[in-house]
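Listed below, chain by chain, are the residues.
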Amino acid sequence: MKLPDPQRSRVVLIGASTFTDEMLADQPGVRDSTAELARILGDPDVGIVEEANCRVVLDEPSVPRIAEALTASTRDATDLLLVYFAGHALVDPRRNQLYLASTGARRHDPEQGTLSYDFLREAVRDGPATTKVIILDCDYLSTDLTDAVVPAITVDGVHVLTGGLLRALQQGSAPDRQFLTLADAYPDAYPDAEVPESPVIGRNVNFRRPQAGAVPRRLLLAGAAVVAGVVVWEILKSDDPAGHPPSLSSSPRPAVTALPSSPAPTTSTVPARLVLEHPSQIRSLATSRDGQRIVTSTDSGKIYVWDAATGARIRTLTDREAFTTSISLHPDGRTLVAVGEVPDHDGHVWDIATGKRLPESVVGGAFCTFNQDGSRLFTGSGVEWGRLWSGTTFRSVGASMKNGDPVSGAAFSPDGTTLAVASWDQRIRLWDLKGQLRSSFRTARDMVFCVTFSPDGKLLVVGQDAGIVQILDARTGEQLKRLTIRSDGPDNVVMSVQFSPDGQILLTAADNGPVTLLRASDFRDLKARTTTGAAPGAFSADGSAVLMTYDRAVVVTPLADLP
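Everything quoted here is computed from the prediction, not taken from an experiment.

## Quick word on the overall build of the protein chain
Inference 1: Scanning the protein chain for helices and strands turns up 6 helices and 37 strands.
Inference 2: Contacts in the protein chain between residues at least 24 apart in sequence constitute 54% of all its contacts with a sequence separation of at least 6.
Inference 3: Carbon together with sulfur atoms contributes 48% to the accessible area of the protein chain, which is approximately 23,200 Å² in total.

Structure representation (structure tokens):
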């Protein structure tokens, strides 16, 4: 099983609830069930497709228009294709053929005003989707269906089933199963419930969540295809006995002020493991300095605010249409800057305590980061330009900074006086806080994807392609050490480098994994500290845990529990 890609998957919901023929009874429930399925399957948080990729064709009298909608979706789906029909099904007893009724169907003339099931099946079968599911939720107006419809596991690679999808999602299955598969929903059609050909169709409403400290099954099923969701906000239980996610304070937003450099974080209580599930691929993550919040951004343009202690999702912010590429959380713990390139190159400013987008904005679509006291913000564009901003007023400070094309990462020095900017042109450039270039040096390999300073400010660590991590003298750019992070993936671009808060450990994370922890004194691997996971990666605020990305999930694991 694999997780369906919401951009490459398609859902077609076809329904007929009213009919012109008096011999065909109206079915008002079809309208409600189709709307509810569309809401679930296209939900940005728990569905399997983007809302625009969930097509609803309801009470359409024109069969050619129904067919056009169907063929368009079957043509565009390259991952999952799910076609659902609700309404009357007519059978021609002479030809033993099944027809799906539109609003203009005639009870005693099955070929009029109907969509041939053969047409639907062939359109689905011939499409490029890797997983194909047809579900018919019908009243069959015949006493003898015989071979008209095949309630089998697969027909030429297409899953064909009859019955109510919505009912299956609502009623669930055995409480020990976290996900609901077609085998759970239709056991008669799937005698072996464990067959790998049975796609996942949603979360099981009866699933008993594991106690804190247990490893959620989602961690072991990172490739499962979650087609629809009805448990919408957490894996582990929240502290609220009513089962609601905790809320952030809704008090008025205070003025943003610069904070003293590097205050000690409050102790965070990290459970044995937390798994923060997302509906689309994770692009960036940040942790609050007090250890209470984790913030993530995704390909869908959504930003998620999480309780770091319980794993409960607190807020969902709609930042843009797609691809919020980078986020940075101010040291005050509530002011967030998010940048992306769709639909523009603007950076948005959010108050995560209230969920409100603030009127201030900045420019830069590729990268953003605050300095240690929050007095400055840097943003980098998808081309060569970067800019400094006041971290309190978000007004531009100094001149525009011309870097390589594009800007891929940046870091402020521990004393807050120097900014290092990484680019794909093989260079690291050092700037002062007025936007004046201090120095520039070329790295030994081509593209640089991330950079960070050592806690004493004497070293620069850069992540590059082919798993290369370089340790450089921050003053001269001289290479002091070169490391190669091994990976089994086809690409091995190091996208995250970060020191632990105490400066003892260096974390590196590649886009296809692994996450590696190195001893900062000599940059040697800590024994048994290379683990499954990928970029972005980071330490928790107190350094007691690491955050690792698994495609659409962030896993928070204490250092002591790593294998």
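## Description of the layout of surface pockets
Inference 1: Within this model, the second largest pocket holds a volume of roughly 280 Å³.
Inference 2: Pro-44, Glu-50, Glu-51, Ser-300 and Lys-302 are, among the 19 residues lining the second largest pocket, the residues nearest its centre.
Inference 3: Residue composition of the lining of the second largest pocket, grouped by class: 7 nonpolar, 6 polar and 6 charged.

## Focus: helix H3 (residues 117-126)
Inference 1: Residues Tyr-117, Leu-120, Arg-121, Ala-123 and Val-124 constitute the buried set of H3. Take H3 and look down its axis: the buried residues cluster within an arc of 165°, on one side only.

## Some details on the sheet that holds strand E11 (residues 282-287)
Think of a sheet as strands paired side by side through backbone hydrogen bonds, with each pair either parallel or antiparallel.
Inference 1: Taking strand neighbours across the sheet as the criterion, the 4 strands line up as E11-E12-E13-E14 in an open arrangement whose pairing is antiparallel. Each edge of the sheet is formed by a strand with only one pairing partner; in this case those strands are E11 and strand E14 (313-318). Going across the sheet, the axis of each strand differs from the next one's by a mean of 20°, ignoring polarity.

## Describing the nonpolar core
Inference 1: One finds Val-83, Leu-98, Leu-100, Leu-115, Leu-120 and Leu-136 to be the most contacted residues of the largest nonpolar core, which totals 25 residues.
Inference 2: At the level of elements, strand E1 (10-15), helix H2 (63-76), strand E3 (80-92), strand E4 (97-101), H3 and strand E6 (131-141) are the ones that each hand at least two residues to this core.

## Considering the sheet that holds strand E19 (residues 367-370)
Inference 1: Within the open sheet, the 4 strands sit side by side as E19-E20-E21-E22. Their pairing is antiparallel. Single-partner strands in this sheet number two, and they are E19 and strand E22 (396-402). The sheet shows a mean angle of 15° between the axes of neighbouring strands, direction not considered.
Inference 2: Here strand E21 (residues 385-390) runs beside E22; their pairing, made up of 4 bridges, is antiparallel. Paired with Trp-389 across the two strands is Ser-396, which belongs to E22.

## Examining the pattern of salt bridges
Inference 1: Applying the stated criterion across every chain, the model contains 15 salt bridges.
Inference 2: For the salt bridge of Arg-293 with Asp-307, the shortest nitrogen-to-oxygen distance reads 3.6 Å. One end of the pair, Arg-293, is in strand E12 (residues 293-298); the other, Asp-307, is in strand E13 (residues 302-307), with 14 residues separating them in the sequence. For the pair Arg-293 and Asp-307, one class covers both residues: buried.
Inference 3: Residues Arg-429 and Asp-425 are paired through a salt bridge, measuring 2.8 Å at the closest nitrogen-oxygen approach.
Inference 4: For Arg-429, a relative accessible area of 12% translates into the label buried.
Inference 5: On the basis of relative accessible area, Asp-425 is assigned to the partly exposed category, the value being 24%.
Inference 6: Among the charged side chains, a salt-bridge network with shared partners connects Glu-122, Arg-125 and Asp-126.

## Topic: the environment of Glu-111
Inference 1: Along the polypeptide, Glu-111 turns up in the loop between E4 and strand E5 (114-116).
Inference 2: In this structure Glu-111 comes out as partly exposed when scored by relative accessible area, which is 43%.
Inference 3: The spacing of Glu-111 and Tyr-99 is 12 residues in sequence and 7.0 Å in space, taken between C-alpha atoms.

## Remarks on the side chain of Gln-470
Inference 1: Tracing the backbone shows Gln-470 in strand E29 (residues 468-473).
Inference 2: A distance of 2.4 Å separates polar atoms of two side chains, one belonging to Gln-470 and the other to Gln-479.

## Focus on the packing of aromatic side chains
Inference 1: Taken as a whole and assessed by the stated rule, the structure comprises 3 aromatic pairs.
Inference 2: On the numbers, 6.2 Å between centres and 45° between planes, the contact of Tyr-304 with Trp-306 is tilted. Assigned by exposure class, Tyr-304 and Trp-306 land together as buried.
Inference 3: Measuring from centroid to centroid gives 6.4 Å for Phe-370 and Phe-394, while their planes differ by 70°, and the two rings are edge-to-face. Note that Phe-370 is positioned in strand E19 and Phe-394 in the loop between E21 and E22, a separation of 24 residues in sequence. For the pair Phe-370 and Phe-394, one class covers both residues: buried.
Inference 4: In this arrangement the basic side chain of Arg-387 is found over the ring face of Trp-389, its NZ or CZ atom lying 5.9 Å from the centre.

## Quick notes on the packing of H2 against H3
For any two helices packed against each other, one specifies the inter-axial angle together with the distance between the axes.
Inference 1: Where H2 meets H3, the closest approach of the two axes is 9 Å, and the angle between their N-to-C directions is 20°. The orientation of H2 with respect to H3, classified from their angle, is roughly parallel. The handedness of the crossing between H2 and H3 is right-handed. Residues Ala-67, Leu-70, Thr-71 and Thr-74 of H2 form the contact with H3, whose participating residues are Phe-119, Leu-120, Ala-123 and Val-124.

## Focus on the pairing of strand E36 (residues 545-550)
Inference 1: Of all the 6 residues making up E36, 6 are buried; the element is thus mostly covered by neighbouring parts of the structure.
Inference 2: Here E36 shows two buried faces, one formed by Ala-545, Leu-547 and Thr-549 and the other by Val-546, Met-548 and Tyr-550.
Inference 3: In the sheet, E36 pairs with strand E37 (residues 553-558) via 6 bridges, with the strands oriented antiparallel. From the neighbouring strand, Ala-545 faces E37, where its bridge partner is Pro-558.

## Digging into unusual backbone geometry
Inference 1: In this structure, Asp-59 is a non-glycine residue whose phi angle is positive, near 55°.
Inference 2: Considering the arrangement of structural elements, one finds Asp-59 in the loop between strand E2 (54-58) and H2.
Inference 3: Even without being glycine, Ala-466 reaches a positive phi, approximately 60°.
Inference 4: Summarising the element assignment, Ala-466 is placed in the loop between strand E28 (459-464) and E29.

Quick notes on the rules
Residues numbered from 1 in each chain as written. Predicted model: local features only at pLDDT ≥ 70, side-chain atom pairs only at ≥ 80, totals over all residues. Heavy atoms only, no water. Helix = DSSP H or I, 4+ residues; strand = E, 2+ residues; numbered from the N terminus. Contact = heavy atoms within 4.5 Å. Areas by Shrake-Rupley, 256 points an atom, 1.4 Å probe, with all protein chains shown as cover. 1 Å grid on protein atoms, 1.4 Å probe; cavity = no way out; pocket = protein on both sides within 12 Å on 5 of 7 lines; lining within 4 Å. Points joined across faces, edges and corners; volume = space filled by probe spheres on them. Nonpolar A, V, L, I, M, F, W, Y, C, P; charged D, E, K, R; others polar. Buried < 20%, exposed > 50% of the residue type's maximum accessible area, 1.4 Å probe, protein only. Arc of directions from axis to C-beta. Pairing = 2+ DSSP bridges. Axes fitted to C-alpha atoms, helices over the stretch in contact; angles between N-to-C directions. Core = buried A, V, L, I, M, F, W, Y, C linked by side-chain atoms within 4.5 Å. Salt bridge = Lys/Arg side-chain N within 4 Å of Asp/Glu carboxyl O. Polar contact = N/O pair within 3.5 Å; in protein donor to acceptor, adjacent residues only side chain to side chain. Phe/Tyr/Trp six-rings, centres within 6.5 Å; stacked < 30°, edge-to-face > 60°. Lys NZ or Arg CZ within 6 Å of the ring centre and 35° of its normal. Parallel < 35°, antiparallel > 145°, perpendicular 65-115°, else oblique. Left-handed = near helix turned anticlockwise from the far one by under 90°.

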